[in-house]
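Observations on chain architecture
Chain by chain, the residues:
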Amino acid sequence: MATWDAGLSRRGPGLLLKDIRKGEAQVAAATRIVDTIAPDVLLLTGIDWDLDGLSLEALNERLAQPYPHLFAPRPNSGWPSGVDLDGNGKLGEARDAQGYGRFPGQGGMALLSRYPIEADHVRDFSRMLWKDLPDGRIAGAALSPEAMAVQRLSSTGHWDVPLKLPLGERLHLLAFSATPPVFDGPEDRNGRRNRDEIAFWLRYLDGELDALPAEAPVILMGVANLDPKDGEGRRDALDLLLNGPHFQDPQPRSAGAKAAADPDHRGDSSLDTADYDGPGNLRLDYVLPSNDLHVEAAGVVWPEPGAPLAEAARAASRHKMVWLDIVLP
(Lines give C-alpha, C1' and ligand atoms only; values in the text may rest on other atoms or scores of the structure.)
Protein backbone atom coordinates (compact mmCIF):
# COMPACT_ATOMS: atom_id res chain seq x y z
CA MET A 1 0.00 0.00 0.00
CA ALA A 2 1.40 3.42 -0.87
CA THR A 3 0.45 7.07 -1.15
CA TRP A 4 2.38 9.78 -2.97
CA ASP A 5 2.06 13.34 -4.18
CA ALA A 6 4.14 12.63 -7.27
CA GLY A 7 4.18 16.21 -8.55
CA LEU A 8 1.86 15.40 -11.44
CA SER A 9 0.14 18.79 -11.59
CA ARG A 10 0.66 21.51 -14.16
CA ARG A 11 -0.35 25.16 -14.55
CA GLY A 12 -3.00 24.56 -17.22
CA PRO A 13 -5.42 21.89 -18.45
CA GLY A 14 -3.97 19.33 -20.85
CA LEU A 15 -0.35 20.08 -19.99
CA LEU A 16 0.08 16.99 -17.82
CA LEU A 17 -1.21 14.75 -20.62
CA LYS A 18 1.23 16.39 -23.02
CA ASP A 19 4.15 15.83 -20.64
CA ILE A 20 3.20 12.19 -20.04
CA ARG A 21 2.95 11.44 -23.74
CA LYS A 22 6.35 12.96 -24.53
CA GLY A 23 8.03 11.26 -21.58
CA GLU A 24 9.03 14.49 -19.84
CA ALA A 25 11.86 14.07 -17.30
CA GLN A 26 9.77 14.65 -14.17
CA VAL A 27 7.14 12.17 -15.33
CA ALA A 28 9.89 9.65 -16.13
CA ALA A 29 11.30 10.04 -12.61
CA ALA A 30 7.86 9.49 -11.09
CA THR A 31 7.16 6.37 -13.13
CA ARG A 32 10.57 4.97 -12.20
CA ILE A 33 9.70 5.28 -8.52
CA VAL A 34 6.34 3.55 -9.04
CA ASP A 35 7.90 0.78 -11.14
CA THR A 36 10.60 0.12 -8.54
CA ILE A 37 8.40 0.11 -5.43
CA ALA A 38 5.49 -1.53 -7.31
CA PRO A 39 2.76 -1.15 -4.69
CA ASP A 40 -0.37 -3.26 -5.12
CA VAL A 41 -2.46 -0.21 -4.28
CA LEU A 42 -1.29 3.35 -4.93
CA LEU A 43 -3.09 6.59 -4.06
CA LEU A 44 -1.70 9.48 -6.07
CA THR A 45 -2.40 12.96 -4.78
CA GLY A 46 -1.55 16.16 -6.60
CA ILE A 47 -2.42 14.70 -10.02
CA ASP A 48 -4.46 16.73 -12.50
CA TRP A 49 -7.91 15.35 -13.34
CA ASP A 50 -9.59 15.46 -16.73
CA LEU A 51 -13.12 14.46 -17.70
CA ASP A 52 -12.19 11.38 -19.75
CA GLY A 53 -9.33 10.22 -17.53
CA LEU A 54 -6.84 10.56 -20.39
CA SER A 55 -3.92 11.69 -18.23
CA LEU A 56 -4.35 8.86 -15.74
CA GLU A 57 -4.68 6.27 -18.51
CA ALA A 58 -1.60 7.63 -20.28
CA LEU A 59 0.40 7.53 -17.04
CA ASN A 60 -0.77 3.98 -16.34
CA GLU A 61 0.29 2.87 -19.82
CA ARG A 62 3.84 4.13 -19.17
CA LEU A 63 4.24 1.85 -16.15
CA ALA A 64 6.10 -1.43 -16.52
CA GLN A 65 3.08 -3.23 -15.05
CA PRO A 66 -0.06 -1.15 -15.64
CA TYR A 67 -2.76 -1.32 -13.02
CA PRO A 68 -5.99 -3.05 -14.07
CA HIS A 69 -8.23 -0.89 -11.87
CA LEU A 70 -8.32 2.93 -11.81
CA PHE A 71 -10.54 5.32 -9.85
CA ALA A 72 -10.49 9.11 -10.16
CA PRO A 73 -13.77 10.99 -9.68
CA ARG A 74 -13.93 14.74 -10.10
CA PRO A 75 -12.12 16.57 -7.29
CA ASN A 76 -13.12 19.85 -5.66
CA SER A 77 -9.79 21.45 -6.51
CA GLY A 78 -10.21 24.14 -9.15
CA TRP A 79 -13.96 23.63 -9.29
CA PRO A 80 -15.81 26.98 -9.47
CA SER A 81 -17.92 27.81 -6.43
CA GLY A 82 -19.76 30.69 -8.09
CA VAL A 83 -19.04 32.82 -5.01
CA ASP A 84 -16.28 35.23 -4.01
CA LEU A 85 -14.89 32.88 -1.38
CA ASP A 86 -11.83 34.94 -0.49
CA GLY A 87 -13.82 38.19 -0.28
CA ASN A 88 -11.54 40.25 -2.52
CA GLY A 89 -14.37 41.48 -4.72
CA LYS A 90 -13.45 39.30 -7.71
CA LEU A 91 -15.04 36.10 -8.99
CA GLY A 92 -13.56 33.10 -10.75
CA GLU A 93 -10.06 33.24 -9.29
CA ALA A 94 -8.13 30.20 -8.09
CA ARG A 95 -9.00 31.00 -4.48
CA ASP A 96 -12.70 31.13 -5.33
CA ALA A 97 -12.73 27.46 -6.32
CA GLN A 98 -13.99 24.84 -3.87
CA GLY A 99 -10.34 23.88 -3.45
CA TYR A 100 -7.49 26.04 -4.68
CA GLY A 101 -6.88 25.51 -8.39
CA ARG A 102 -6.23 27.45 -11.58
CA PHE A 103 -8.55 25.12 -13.54
CA PRO A 104 -11.13 22.44 -12.71
CA GLY A 105 -9.39 19.30 -11.54
CA GLN A 106 -5.94 20.73 -10.90
CA GLY A 107 -4.16 18.67 -8.27
CA GLY A 108 -6.76 15.94 -7.77
CA MET A 109 -6.44 12.35 -6.58
CA ALA A 110 -6.30 8.98 -8.34
CA LEU A 111 -6.35 5.41 -7.05
CA LEU A 112 -4.50 2.67 -8.93
CA SER A 113 -5.12 -0.89 -7.75
CA ARG A 114 -4.31 -4.48 -8.60
CA TYR A 115 -7.45 -5.48 -6.69
CA PRO A 116 -10.95 -4.76 -8.01
CA ILE A 117 -12.45 -1.47 -6.87
CA GLU A 118 -16.10 -1.83 -5.85
CA ALA A 119 -17.10 1.43 -7.49
CA ASP A 120 -20.82 0.90 -6.77
CA HIS A 121 -20.06 0.89 -3.04
CA VAL A 122 -17.73 3.89 -2.92
CA ARG A 123 -18.78 6.65 -0.55
CA ASP A 124 -17.67 10.04 -1.84
CA PHE A 125 -18.09 12.77 0.77
CA SER A 126 -16.47 15.49 -1.31
CA ARG A 127 -19.68 17.53 -1.63
CA MET A 128 -20.28 17.77 2.11
CA LEU A 129 -20.49 21.40 3.23
CA TRP A 130 -17.91 22.56 5.72
CA LYS A 131 -20.58 24.04 7.98
CA ASP A 132 -22.19 20.60 8.34
CA LEU A 133 -19.21 18.95 10.04
CA PRO A 134 -20.02 18.34 13.72
CA ASP A 135 -17.78 20.30 16.09
CA GLY A 136 -16.05 22.00 13.17
CA ARG A 137 -13.95 25.15 13.21
CA ILE A 138 -15.66 27.13 10.45
CA ALA A 139 -16.77 29.80 12.93
CA GLY A 140 -14.13 32.50 12.87
CA ALA A 141 -12.95 31.64 9.35
CA ALA A 142 -14.25 35.02 8.09
CA LEU A 143 -16.51 33.51 5.45
CA SER A 144 -19.45 35.55 4.23
CA PRO A 145 -22.93 34.02 4.58
CA GLU A 146 -22.90 33.41 0.81
CA ALA A 147 -19.55 31.65 1.03
CA MET A 148 -20.53 29.59 4.06
CA ALA A 149 -23.63 28.38 2.22
CA VAL A 150 -21.59 26.80 -0.59
CA GLN A 151 -18.10 26.11 0.81
CA ARG A 152 -17.39 22.40 0.85
CA LEU A 153 -15.25 20.80 3.52
CA SER A 154 -13.01 18.87 1.11
CA SER A 155 -10.43 20.94 -0.71
CA THR A 156 -9.80 17.90 -2.93
CA GLY A 157 -11.87 14.93 -1.82
CA HIS A 158 -12.80 12.45 0.91
CA TRP A 159 -13.43 8.88 -0.29
CA ASP A 160 -14.25 5.55 1.31
CA VAL A 161 -13.24 3.06 -1.39
CA PRO A 162 -13.78 -0.69 -0.82
CA LEU A 163 -11.41 -3.10 -2.52
CA LYS A 164 -12.35 -6.71 -3.19
CA LEU A 165 -9.56 -8.99 -2.04
CA PRO A 166 -8.76 -12.49 -3.34
CA LEU A 167 -10.86 -14.39 -0.79
CA GLY A 168 -13.83 -12.09 -1.26
CA GLU A 169 -13.27 -9.92 1.80
CA ARG A 170 -13.19 -6.11 1.65
CA LEU A 171 -10.52 -3.63 2.56
CA HIS A 172 -11.68 -0.04 2.90
CA LEU A 173 -9.37 2.74 1.78
CA LEU A 174 -10.09 6.12 3.33
CA ALA A 175 -8.46 8.59 0.94
CA PHE A 176 -8.06 12.35 1.17
CA SER A 177 -5.82 15.31 0.39
CA ALA A 178 -6.16 18.28 2.74
CA THR A 179 -5.40 21.93 2.11
CA PRO A 180 -2.14 23.25 3.60
CA PRO A 181 -2.74 25.22 6.83
CA VAL A 182 -0.96 28.30 5.41
CA PHE A 183 -1.48 30.97 2.73
CA ASP A 184 -4.21 32.76 4.71
CA GLY A 185 -4.52 35.61 7.19
CA PRO A 186 -5.10 36.08 10.92
CA GLU A 187 -8.49 34.36 10.59
CA ASP A 188 -6.52 31.12 9.92
CA ARG A 189 -9.08 29.95 7.36
CA ASN A 190 -6.81 27.31 5.83
CA GLY A 191 -5.60 26.18 9.23
CA ARG A 192 -9.18 25.69 10.37
CA ARG A 193 -10.14 23.86 7.19
CA ASN A 194 -7.08 21.62 7.30
CA ARG A 195 -7.94 20.67 10.86
CA ASP A 196 -11.52 19.84 9.92
CA GLU A 197 -10.55 17.86 6.80
CA ILE A 198 -8.53 15.63 9.14
CA ALA A 199 -11.24 15.61 11.84
CA PHE A 200 -13.78 14.39 9.26
CA TRP A 201 -12.39 10.86 9.60
CA LEU A 202 -12.83 10.91 13.37
CA ARG A 203 -16.48 11.92 12.98
CA TYR A 204 -17.00 9.30 10.27
CA LEU A 205 -15.50 6.41 12.19
CA ASP A 206 -17.26 7.44 15.39
CA GLY A 207 -20.62 7.27 13.57
CA GLU A 208 -21.39 10.97 13.98
CA LEU A 209 -22.26 11.53 10.30
CA ASP A 210 -25.32 10.41 8.35
CA ALA A 211 -23.36 7.65 6.62
CA LEU A 212 -22.45 4.53 8.54
CA PRO A 213 -18.79 4.18 9.47
CA ALA A 214 -16.63 1.90 7.34
CA GLU A 215 -16.37 -1.76 8.21
CA ALA A 216 -12.94 -2.84 9.46
CA PRO A 217 -10.29 -3.37 8.24
CA VAL A 218 -9.54 0.10 6.93
CA ILE A 219 -6.47 2.04 5.87
CA LEU A 220 -6.34 5.84 5.90
CA MET A 221 -4.15 7.15 3.08
CA GLY A 222 -3.23 10.52 1.69
CA VAL A 223 -1.67 13.87 2.40
CA ALA A 224 -2.77 15.60 5.60
CA ASN A 225 -0.39 18.51 4.90
CA LEU A 226 0.22 18.68 8.64
CA ASP A 227 3.23 17.62 10.70
CA PRO A 228 2.70 16.29 14.24
CA LYS A 229 5.40 18.55 15.71
CA ASP A 230 6.75 21.13 13.26
CA GLY A 231 5.38 23.79 10.94
CA GLU A 232 2.05 25.57 11.19
CA GLY A 233 -1.36 24.05 11.84
CA ARG A 234 -3.92 22.89 14.39
CA ARG A 235 -2.85 19.42 15.52
CA ASP A 236 -5.61 18.14 17.81
CA ALA A 237 -7.40 16.03 15.16
CA LEU A 238 -4.16 14.65 13.72
CA ASP A 239 -3.01 13.69 17.21
CA LEU A 240 -6.22 11.67 17.67
CA LEU A 241 -5.68 9.90 14.35
CA LEU A 242 -2.10 8.99 15.22
CA ASN A 243 -2.64 8.12 18.88
CA GLY A 244 -6.36 7.37 19.20
CA PRO A 245 -8.28 4.07 19.03
CA HIS A 246 -8.92 3.85 15.29
CA PHE A 247 -5.48 3.42 13.75
CA GLN A 248 -1.94 2.30 14.39
CA ASP A 249 0.95 4.46 13.29
CA PRO A 250 3.68 2.30 11.73
CA GLN A 251 5.98 5.35 11.63
CA PRO A 252 7.59 4.76 8.21
CA ARG A 253 11.13 6.13 8.07
CA SER A 254 13.89 6.87 5.59
CA ALA A 255 17.63 7.33 5.73
CA GLY A 256 17.40 10.29 3.36
CA ALA A 257 15.09 12.26 5.63
CA LYS A 258 17.31 11.58 8.62
CA ALA A 259 20.37 12.75 6.68
CA ALA A 260 18.56 15.96 5.70
CA ALA A 261 17.34 16.77 9.22
CA ASP A 262 16.50 20.35 10.14
CA PRO A 263 18.41 21.16 13.33
CA ASP A 264 15.69 23.45 14.68
CA HIS A 265 12.82 20.95 14.27
CA ARG A 266 11.37 19.11 17.23
CA GLY A 267 9.98 16.01 15.47
CA ASP A 268 11.79 12.82 14.49
CA SER A 269 13.44 13.81 11.20
CA SER A 270 13.51 10.24 9.88
CA LEU A 271 9.69 10.33 9.66
CA ASP A 272 9.58 13.33 7.32
CA THR A 273 7.94 12.86 3.92
CA ALA A 274 8.34 16.24 2.20
CA ASP A 275 11.24 18.58 1.50
CA TYR A 276 10.25 22.27 1.44
CA ASP A 277 12.19 25.49 1.38
CA GLY A 278 11.19 27.75 4.26
CA PRO A 279 9.33 25.39 6.60
CA GLY A 280 11.91 22.67 5.97
CA ASN A 281 11.31 18.92 6.00
CA LEU A 282 7.94 17.83 7.35
CA ARG A 283 5.87 14.69 7.85
CA LEU A 284 2.83 15.44 5.71
CA ASP A 285 1.85 12.13 4.04
CA TYR A 286 0.36 9.16 5.89
CA VAL A 287 -0.67 5.53 5.55
CA LEU A 288 -2.46 4.51 8.75
CA PRO A 289 -3.89 0.95 9.02
CA SER A 290 -6.58 -0.07 11.46
CA ASN A 291 -5.46 -2.03 14.50
CA ASP A 292 -6.62 -5.39 13.13
CA LEU A 293 -4.01 -5.30 10.33
CA HIS A 294 -0.50 -6.62 10.83
CA VAL A 295 2.22 -4.37 9.41
CA GLU A 296 5.27 -6.29 8.18
CA ALA A 297 7.28 -3.32 6.97
CA ALA A 298 6.94 0.40 6.28
CA GLY A 299 9.08 3.11 4.77
CA VAL A 300 9.46 6.34 2.86
CA VAL A 301 11.19 6.48 -0.54
CA TRP A 302 13.74 9.11 0.41
CA PRO A 303 17.17 7.58 -0.24
CA GLU A 304 20.40 9.14 0.93
CA PRO A 305 22.35 11.09 -1.71
CA GLY A 306 24.04 8.72 -4.13
CA ALA A 307 21.83 5.77 -3.23
CA PRO A 308 19.61 4.07 -5.83
CA LEU A 309 16.47 6.12 -6.63
CA ALA A 310 17.88 9.19 -4.86
CA GLU A 311 18.00 11.28 -8.04
CA ALA A 312 14.60 10.03 -9.22
CA ALA A 313 13.00 10.90 -5.88
CA ARG A 314 14.54 14.37 -5.97
CA ALA A 315 13.50 15.01 -9.58
CA ALA A 316 9.96 13.72 -9.21
CA SER A 317 8.50 15.65 -6.27
CA ARG A 318 9.10 17.48 -3.02
CA HIS A 319 6.94 14.77 -1.45
CA LYS A 320 8.20 11.19 -1.09
CA MET A 321 6.24 7.97 -1.48
CA VAL A 322 5.06 6.43 1.80
CA TRP A 323 4.48 2.67 1.73
CA LEU A 324 3.71 -0.24 3.98
CA ASP A 325 3.35 -4.00 3.65
CA ILE A 326 0.39 -5.48 5.48
CA VAL A 327 -0.89 -8.95 6.30
CA LEU A 328 -4.66 -9.25 6.26
CA PRO A 329 -6.43 -10.84 9.24
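Just above sits the structure.
A brief look at the structure comes next. Worth saying up front: this structure is predicted, and the values here are computed from it rather than measured.

Moving on to helix H2 (residues 25-37). The end-to-end C-alpha separation of H2 is 19 Å, in line with the 18 Å expected for 13 residues at 1.5 Å each. Where H2 is concerned, the buried positions are Gln26, Val27, Ala29, Ala30, Thr31, Ile33 and Val34. Those residues of H2 that are buried lie in contact with strand E1 (2-8), helix H1 (15-22), strand E2 (41-47), helix H3 (54-62) and helix H8 (310-316). Capping of H2 at its N-terminal end is provided by Glu24; its side-chain oxygen lies 3.0 Å from the backbone amide nitrogen of Gln26.

To continue, consider the packing of aromatic side chains. Enumeration according to the criterion identifies 8 aromatic pairs in this entry. A ring pair is formed by Phe176 and Trp201, whose centres lie 6.1 Å apart and whose planes are at 75 degrees; its orientation type is edge-to-face. Of this pair, Phe176 sits in strand E7 (residues 170-177) while Trp201 sits in helix H5 (residues 189-205); the two residues are 25 residues apart in sequence, bridging distant segments of the chain. Look at Phe176 and you get buried, because its relative accessible area is 3%. The rings of Phe125, Phe176, Phe200, Trp201 and Tyr204 are connected pair by pair, giving a single aromatic cluster. In this arrangement the basic side chain of Arg74 is found over the ring face of Trp79, its NZ or CZ atom lying 3.7 Å from the centre. For Arg114, the ring lying beneath its charged end belongs to Tyr67, and the centroid distance is 4.0 Å.

Another aspect to go through is the sheet that holds strand E6 (residues 158-164). With mixed pairing, the 5 strands of this open sheet are ordered in space as E5-E6-E7-E8-E11. If you trace the sheet from one side to the other, it starts and ends with strand E5 (123-124) and strand E11 (285-289), each paired once. Two strands pair when backbone bridges link them, and E6 and E7 are joined in this way by 7 bridges, in the antiparallel orientation. Paired with Lys164 across the strands is Arg170, a residue of E7. Contacts between H5 and the sheet are confined to E5, E6, E7 and strand E8 (218-223), with E7 contributing the most and set at about 150 degrees to the helix.

With that settled, consider the packing of H1 against H3. Between H1 and H3, the shortest axis-to-axis distance is 9 Å and the interhelical angle comes to 20 degrees. When the axis of H1 is compared with that of H3, the two are roughly parallel. In the crossing of H1 with H3, the sense of the turn from one axis to the other is left-handed. Contacts between H1 and H3 involve Leu16, Leu17, Ile20 and Arg21 on the former and, on the latter, Leu54, Ser55, Ala58, Leu59 and Arg62. Residue composition of the contact of H1 with H3, by class: 6 nonpolar, 1 polar and 2 charged.

Below, the discussion takes up the nonpolar core. In terms of nonpolar packing, the biggest core is built from 34 residues, with Leu174 and Phe200 touching the most fellow members. Considering each element in turn, this core owes the most residues, 7 residues, to H5. Not counting chain neighbours up to four residues away, the residues in contact with Phe200 comprise Phe125, Met128, Leu133, Leu153, His158 and Leu209.

What follows concerns the environment of Pro73. Relative to the helices and strands, Pro73 is located in the loop between strand E3 (69-71) and strand E4 (108-113). For Pro73 and Gly53, which are 20 residues apart along the polypeptide, the C-alpha to C-alpha distance reads 9.1 Å. In contact with Pro73, not counting residues within four places along its chain, are Trp49, Asp124 and Trp159.

If you walk across this open sheet you meet the 6 strands as E3-E4-E2-E1-E13-E12, and the pairing is mixed. At either margin of the open sheet sits one strand with a lone partner, and together these are E3 and strand E12 (294-300). Neighbour to neighbour, the strand axes of the sheet diverge by 20 degrees on average, direction disregarded. When E12 meets strand E13 (residues 322-327), the two strands line up antiparallel, connected through 6 bridges. Within E13, the position partnered with Ala297 by the bridge is Asp325.

Calculation criteria
Residues numbered from 1 in each chain as written. Predicted model: local features only at pLDDT ≥ 70, side-chain atom pairs only at ≥ 80, totals over all residues. Heavy atoms only, no water. Helix = DSSP H or I, 4+ residues; strand = E, 2+ residues; numbered from the N terminus. Expected span 1.5 Å × (residues − 1). Buried < 20%, exposed > 50% of the residue type's maximum accessible area, 1.4 Å probe, protein only. Contact = heavy atoms within 4.5 Å. Polar contact = N/O pair within 3.5 Å; in protein donor to acceptor, adjacent residues only side chain to side chain. Phe/Tyr/Trp six-rings, centres within 6.5 Å; stacked < 30°, edge-to-face > 60°. Lys NZ or Arg CZ within 6 Å of the ring centre and 35° of its normal. Pairing = 2+ DSSP bridges. Axes fitted to C-alpha atoms, helices over the stretch in contact; angles between N-to-C directions. Parallel < 35°, antiparallel > 145°, perpendicular 65-115°, else oblique. Left-handed = near helix turned anticlockwise from the far one by under 90°. Nonpolar A, V, L, I, M, F, W, Y, C, P; charged D, E, K, R; others polar. Core = buried A, V, L, I, M, F, W, Y, C linked by side-chain atoms within 4.5 Å.

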